[in-house]
Amino acid sequence: MPTATDLLSTAARNAWAISPLGEGVEQYDGLLATVLSDAPHRRLVRYDRSTTARATRPVLLVPPLAVSARCFDLRPGQSLAGHLLEAGRATYLVDYGRITFADRGMGFEAWIDDILPTAIHAVLADHAAGGDQAGGVDLVGWSLGGTMSLLTAAAHPDLPIASLTAFGTPIDYTQIPAIQPLVVADRLLGTRAVTAPTAALGGVPRHLVRASYRAMAPKRELTKAVHLARNILDTEALARTSAIDDFIAEMPGYPGRAYHQIHTRLMVRNELASGTVRLSRKREVRLADVRTPVLFVGSETDNIADGPAVRAGADVVPGARYAAADGLSHLGLVAGPRAAEISWPLLDEFLDRP
């Protein structure tokens with residue numbers, strides 16, 4: 001049993017580690033990975049595995065826009081990439097890197113016509129070069145990563161996509177209370193007025209993205225100091241909190257055109273729920289054209305895209321189904337301490353289907 005001196009030493013050490021001058025209670029450099037290509041906004045890596053892959057199909061992890069790709073490898077025990085490797089799956093990740101003012105012209109088209117199709121073909125080529133043959137790639141996206149994956153599968157039904165799993169991907173935006181004030185403002189003032197600031201800035205700067213993400217979980221932010229104080233002897237709890245803070249601090253920004261499309265097409269006009277997203281006057285992407293099995297995973301306690309918003313996907317995408325992972329937060333769906341027992345098994349079952 002720890003003595004009073006031991007407890008005091010632990011508390012002092014942890015307090016210093018989480019202070020602005022400390023180096024954190026846990027040092028995690030991420031899983032070992034091999035960079036296959038490093039072109040701007042499409043860095044492709046293959047996570048290194050110590051054993052031969054048992055699954056025949058490779059998995060490509062697709063992060064959202066304006067989110068650090070470490071969402072899939074947050075820390076030990078909270079790494080979906082690590083879980084997939086342990087399950088014997090060849091696992092890859094596409095990383096968009098930093099988004100700057102120079103990228104303001106990037107829209108959905110950059111992802112669905114270029115970034116993701118290129119990554120899919122590269123994954124299959126690398127997998128085959130290792131002597132493994134696969135009928136396609138299993139896409140696993142989180143939040144807007146699921147959106148981009150869905151639009152890619154719909155826009156290019158001939159792509160070798162074996163399956164698609166979307167964690168916390170909202171389809172019906174009317175079910176998200178947090179964005180309704182923005183929708184009302186758009187209808188009262190007009191889209192041009194509401195999006196004028198982001199147009200001038202070339203998108204949503206990373207600092208604003210980080211502040212917005214924190215604002216979506218006000219209880220966590222308001223009680224964080226108390227939480228840290230109460231858990232000053234619990235190194236694991238402190239490591240979990242620090243990992244989330246580091247994750248938020250690495251969030252990049254939204255490119256201007258993509259944010260404008262999110263605002264007008266997804267939020268205000270709720271086009272995903274209608275089944276047709278209008279990228280331009282001449283081009284529409286219909287979710288009815290998706291030809292691959294799709295699984296939506298959502299949570300009633302997701303404060304960003306709750307269950308009903310995600311569940312709507314099963315009504316729009318042909319043959320898609322919804323699986324509940326209630327009790328998890330938005331990030332918790334892919335990287336929470338309880339994901340291994342609640343949400344990851346849903347993915348395993350889906351990927352293990354014949």
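Residues numbered from 1 in each chain as written. Predicted model: local features only at pLDDT ≥ 70, side-chain atom pairs only at ≥ 80, totals over all residues. Heavy atoms only, no water.

Chemist: Explanation requested: the overall build of the protein chain in the structure shown.
Modeler: Each helix and strand in the protein chain was counted, giving 16 helices and 12 strands. Within the span of the protein chain, comprising 354 residues, buried residues form 51% of the whole. Taking all contacts inside the protein chain whose residues are at least 6 apart in sequence as the whole, residues at least 24 apart take part in 76%. By element, 55% of the accessible surface of the protein chain is carried by carbon and sulfur atoms, the whole surface being about 16,000 Å². (Helix = DSSP H or I, 4+ residues; strand = E, 2+ residues; numbered from the N terminus. Buried < 20%, exposed > 50% of the residue type's maximum accessible area, 1.4 Å probe, protein only. Contact = heavy atoms within 4.5 Å. Areas by Shrake-Rupley, 256 points an atom, 1.4 Å probe, with all protein chains shown as cover.)

Chemist: Would you mind going over the pattern of salt bridges with me for this structure?
Modeler: Oppositely charged side chains can pair when the atoms bearing their charge come close. Taken as a whole and judged by the stated rule, the model has 12 salt bridges. Among the ionic pairs, glutamate 109 bridges to arginine 257, the shortest N-O distance being 2.7 Å. With glutamate 109 in helix H3 (residues 108–129) and arginine 257 in helix H10 (residues 256–268), this residue pair connects regions lying 148 residues apart in the sequence. Arginine 257 gets classed as partly exposed once you look at its relative accessible area, which sits at 34%. When salt bridges that share partners are traced, they join Arg265, Glu271, Arg278, Glu284 and Arg286 into one network. (Salt bridge = Lys/Arg side-chain N within 4 Å of Asp/Glu carboxyl O.)

Chemist: Sorry if this is basic, but what is going on with the packing of aromatic side chains here?
Modeler: The relation between two aromatic rings is expressed through the spacing of the ring centres and the mutual angle of the planes. Considering all chains together, one arrives at 2 aromatic pairs under this definition. With a centroid separation of 5.5 Å and 85 degrees between ring planes, the pair formed by tyrosine 96 and tryptophan 111 is classed as edge-to-face. Of this pair, tyrosine 96 sits in the loop between strand E4 (91–95) and H3 while tryptophan 111 sits in helix H3, and the two are 15 residues apart along the sequence. The class of tryptophan 111 is buried, set by a relative accessible area of 1%. For the ring pair tyrosine 254 and tyrosine 259, a centre distance of 6.0 Å and an interplane angle of 55 degrees mean the geometry is tilted. For tyrosine 259, a relative accessible area of 14% corresponds to the buried category. Across the ring face of phenylalanine 350, the terminal group of arginine 353 is positioned such that the distance to the ring centre comes to 5.0 Å. (Phe/Tyr/Trp six-rings, centres within 6.5 Å; stacked < 30°, edge-to-face > 60°. Lys NZ or Arg CZ within 6 Å of the ring centre and 35° of its normal.)

Chemist: Sorry if this is basic, but what is going on with H3 here?
Modeler: In an α-helix, one turn spans 3.6 residues, which is why side chains three or four residues apart end up on the same side. The first and last C-alpha atoms of H3 sit 30 Å apart over 22 residues, in line with the 32 Å expected at 1.5 Å per residue. At leucine 116, H3 shows its maximal bend, which comes to roughly 30 degrees, and the proline proline 117 appears one to four places after that position. (Expected span 1.5 Å × (residues − 1). Bend = angle between axes of the 7 residues up to and from the residue.)

Chemist: Help me understand unusual backbone geometry, please; the structure alone is not making it clear to me.
Modeler: Working note: non-glycine residues mostly have negative phi, and peptide bonds are mostly trans. Its identity is not glycine, yet histidine 41 carries a phi of approximately 65 degrees, on the positive side. Turning to its location among the elements, histidine 41 is positioned in the loop between strand E1 (33–37) and strand E2 (43–47). By relative accessible area, histidine 41 is classed as buried at 14%.

Chemist: What should I look at first to understand the packing of H3 against helix H4 (residues 144–155) in this one?
Modeler: How two helices sit against one another is set out by the angle between their axes and by the gap between those axes. In contact at an axis separation of 9 Å, H3 and H4 are set at 75 degrees when each is read in the N-to-C sense. Between H3 and H4, the interaxial angle falls into the category roughly perpendicular. For the pair formed by H3 and H4, the contact residues are Phe108, Trp111, Ile112, Leu116 and Pro117 on the first element and Met148, Ser149, Leu151, Thr152 and Ala155 on the second. Broken down by class, the residue content of the contact of H3 with H4 amounts to 8 nonpolar, 2 polar and no charged. (Axes fitted to C-alpha atoms, helices over the stretch in contact; angles between N-to-C directions. Parallel < 35°, antiparallel > 145°, perpendicular 65-115°, else oblique. Nonpolar A, V, L, I, M, F, W, Y, C, P; charged D, E, K, R; others polar.)

Chemist: Help me understand the nonpolar core in this model?
Modeler: Considering soluble globular proteins, one finds that nonpolar side chains tend to be buried as a cluster. Counting 54 residues, the largest nonpolar core has Leu60, Leu151 and Phe296 as its most contacted members. Among the elements that take part in this core, H3 stands out by supplying 9 residues, more than any other. Ignoring sequence-local partners within four residues, the contact set of phenylalanine 296 consists of Leu150, Ala166, Thr169, Ile171, Val310, Gly313, Ala314, Val317, Ala320, Arg321, Tyr322 and Ala323. One finds Val45, Ile248, Trp344 and Leu351 within the second-largest nonpolar core, a separate group that totals 37 residues. (Core = buried A, V, L, I, M, F, W, Y, C linked by side-chain atoms within 4.5 Å.)

Chemist: Looking at this structure, how should I read the sheet that holds strand E5 (residues 137–142)?
Modeler: Backbone hydrogen bonds are what pair the strands of a sheet, in a parallel or an antiparallel way. Overall, mixed pairing links the 8 strands, which are arranged E1-E2-E4-E3-E5-E6-E11-E12 in an open sheet. The open sheet has two edge strands, E1 and strand E12 (321–324), and neither has a second partner. Strand-to-strand twist across the sheet, computed as the mean angle between neighbouring axes with direction ignored, equals 25 degrees. With 3 bridges connecting them, strand E3 (residues 59–62) and E4 associate as parallel partners. Residue pairing in the sheet places leucine 61 in a bridge with leucine 93 of E4. On the sheet, H3 packs against E1, E2, E3, E4, E5 and strand E6 (161–167) and is oriented at approximately 150 degrees with respect to E4. (Pairing = 2+ DSSP bridges.)

Chemist: Sorry if this is basic, but what is going on with the pairing of E6 here?
Modeler: Side-chain direction in a regular strand flips from residue to residue, so the side chains alternate between the two faces of the sheet. Within E6, 7 of the 7 residues are buried, leaving the element largely enclosed by the surrounding structure. Sheet topology note: the E5/E6 ladder contains 6 bridges and is parallel. Bridge assignment links leucine 139 to a residue of E6, and that residue is leucine 164. The β-α-β motif built from E5, the intervening H4 and the parallel element E6 has right-handed crossover chirality. Here 4 bridges tie E6 to strand E11 (residues 294–298), and the two strands are oriented parallel to one another. Following the sheet pairing, alanine 166 is matched in E11 by phenylalanine 296. (Right-handed = clockwise from strand over helix to strand, strands pointing away.)

Chemist: Any chance you could explain the environment of threonine 276 here in plain terms?
Modeler: Counting through the fold element by element, threonine 276 comes out in strand E9 (residues 276–278). Separated by 10 residues in sequence, threonine 276 and arginine 286 have C-alpha atoms that sit 4.5 Å apart. With residues near it in sequence (within four places) discarded, threonine 276 still touches Glu271, Glu284, Val285 and Arg286.

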